[in-house]
Structures are given as C-alpha cells and as structure tokens.
Amino acid sequence: MDYIHVAAALICNDQGQALIAQRPAHKHQGGLWEFPGGKVEADEDVLAALDRELFEEIGITIAQARPLIRVKHDYPDKSVLLDVWRVDGFRGEPHGREGQPVKWCPVDALAEADFPAANRPIIAAAQLPECYLITPTPEDADAFLDQLDQALAEGIRLVQLRAKGMAENEYKALARQVIARCHAQGTRVLLNGEPAWVGELGADGVQLSSGRLRALAQRPLGRGLLVAASCHTEEELKLALKLDADFALLSPIKWTRSHPDTEPLGWEAMRRLVDEMPIPVYALGGVSRDDLDQAFAAGGQGIAAIRSLWPGA
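Here goes a summary of the coordinates provided. Small disclaimer: the values here were computed from a predicted structure and weren't measured.

Definitions and cut-offs
Residues numbered from 1 in each chain as written. Predicted model: local features only at pLDDT ≥ 70, side-chain atom pairs only at ≥ 80, totals over all residues. Heavy atoms only, no water. Helix = DSSP H or I, 4+ residues; strand = E, 2+ residues; numbered from the N terminus. 1 Å grid on protein atoms, 1.4 Å probe; cavity = no way out; pocket = protein on both sides within 12 Å on 5 of 7 lines; lining within 4 Å. Points joined across faces, edges and corners; volume = space filled by probe spheres on them. Pairing = 2+ DSSP bridges. Axes fitted to C-alpha atoms, helices over the stretch in contact; angles between N-to-C directions.

## Quick look at unusual backbone geometry
Trans peptide bonds make up most of the peptide bonds, and negative phi angles are found at most residues other than glycine.
Alright, step 1. With an omega dihedral of -10°, the bond running from S251 to P252 counts as a cis peptide bond.
Alright, step 2. In this structure, P252 sits in the loop between β13 (247–250) and α8 (267–274).
Alright, step 3. Located in the positive-phi region is D43, a residue other than glycine, with phi close to 65°.
Alright, step 4. Here D43 lies in the loop between β4 (37–39) and α1 (46–58).

Okay, here's the thing in structure tokens:
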C-alpha cells in the first residue's frame, strides 16, 4: 500500500502545552485540529521537510527536536504515514501564516480537542513521559517507600508497582501507599496485577504481563484508564494492538543480569518492530537513561527500567 509520508511536530513549551492548528474546511479532515506539519517530498530528509513545513505554515524554524512516533493510518480515501517529531526548541513566534487558527493546548487536555483519528497515538505519546519506572519487590516497606519518594523527587512521572511473590493483601496495602505518594507528585501508577484492582485501589491503569495479555479477549479497562502490555515478540505486540492497549513494553533490548541466557533483541530489531506499531513502545531490558537517544532513534517512547531508575539499586 502506498502511504502519503507526512512530517508532523509535537511543539512543546515550558508550560506543559502543545501547539495545535486547525485544518482549513476545504482540506481532508477539514475543521479538525492537528499537529503542524506537511508532506515529505521525494528524497527529502524528514527533519528538513518538517523544518520547511513549519516555517511555511506557522513561521518558526526548529532549534531542538527528536523522533517521537511513526503512525500508519488508513482512511477510507487515503493512507498516511505520520512521522512525528517532538520539538522542544524553536526560533520565531508561531502564528497561522495561511490564516489558520493556532493555539497552545495543555498536553493533558489534548484528547478533548477534535483531532483526526490518526492523531490518537500521537496524543498518547505526548502524554507519556520518556522514563517508566518499574519497582523492585520490596524487602523492607519503609525503605521501599523512601526510595520511591526519592525517585519521584528526581522527576519520575510513571510507575509500575511490580511486587512478585507478594500476597494479595500485602500488595494492596502497599499499593494504597504508593498511589497516594505518587498522586501527590502528579505521577501515575499502573498495577502489575488483576485489572479489577485498579478501580478498587484508585490506580491509573494496569500493566499486563505477556501471559495475561494472551489470555484476554478484550481491553480490561475503560478509556479513562491506562492499559499497558509487556511484549517480547511481534506476535505479542500485535496482540497489544488487538486489545487496544495504550502503550507497550518491548524486551529484552539489551543483555540483563536477571535473564542472562535470553538473547537480546537489540536496537535494530526494535526499530523494525516498532515501525509497524501505532502505539508508544518503551524499550526494556538492560537500558538506562544513557540509552534514551537510541530508544528515540529506534522509534521508542523512551526507556522502562527497574535497576537503572530505582534510587540506590
């Protein structure tokens, strides 16, 4: 299938807002809001195309940008490949050079605007951080909570409470404390457990193991909550899509001490697999903040980790 290659920008400011523009009424998906950008010409570099389109449309040039997500979407009348970059620095004052309305919208409120269907994964990627902390199993609850507080102070904004081998009542008691501390810092918490616990405990979503992912026939939580899937293969990534997961983890990308005999996928395999996935995907397994640029280059949302993101690990 021939896809129309479009470069688009998630342009962010220091106030947690993204710039969006309204499509002219006479164009495809006219009247809806969009992330600024335009068609990539034959043999044109994507970032160069985006810089050109942003200047033509809204009068700015790019000073700092990185890959965010690539989305393939089939409309009834055309198919598009959205090559989306996050722009955190630019020169000029954004304005609608073609007469189109533009506005800054809080990133957390993007879903409230009327976007084309292809933009939903972009909104999901915009609202997720670049680092996803997976907690180790607590050995001492007080020390665990102190370390969690330190991680939150260091800027962690998405946490998976993973406590293998913990009894259900102990897990729930710990989860209530973790959720309260995280919410006080504006951090979302996903439970690695039964989806039904999410509503009971007031968490923000569920992290599905690959086993639970394979066992489910439909999305276990409503749209207001996050559903994430742990994946190791192309088949499992496709199951995550079928289940309408909000994002996925792909592992192991690098060698890990916890699974020394497991062959890592590597960055090139991640790039190949993620390129076909219209949802954000975190790299997991032997990765740290030092790998963020490689994760972005491979099409990833960022990195997910236990050891490298957990204070004192």
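There is more to say after this.
## A look at the layout of surface pockets
Alright, step 1. Volume-wise, the largest pocket comes out at about 1,300 Å³.
Alright, step 2. Along its surface, the largest pocket is lined by 48 residues, and I123, A124, A125, Q127 and L128 are the ones closest to its centre.
Alright, step 3. The set of elements that each furnish at least two residues to the lining of the largest pocket consists of β5 (61–74), β6 (79–91) and α2 (120–126).
Alright, step 4. If one sorts the elements of the lining of the largest pocket by residue count, α2 sits on top with six residues.

## Let's talk about the sheet that holds β6
Alright, step 1. Here we have four strands laid out as an open sheet, ordered β4-β1-β6-β5, and mixed in their pairing. The sheet is open, and its two edges are formed by β4 and β5, each paired on a single side. In this sheet, neighbouring strand axes are inclined to one another by 20° on average, regardless of whether the strands run parallel or antiparallel.
Alright, step 2. In the sheet, strand β1 (residues 4–11) pairs with β6 via eight bridges, with the strands oriented parallel. Its bridge partner lying in β6, V6 is registered against L82.

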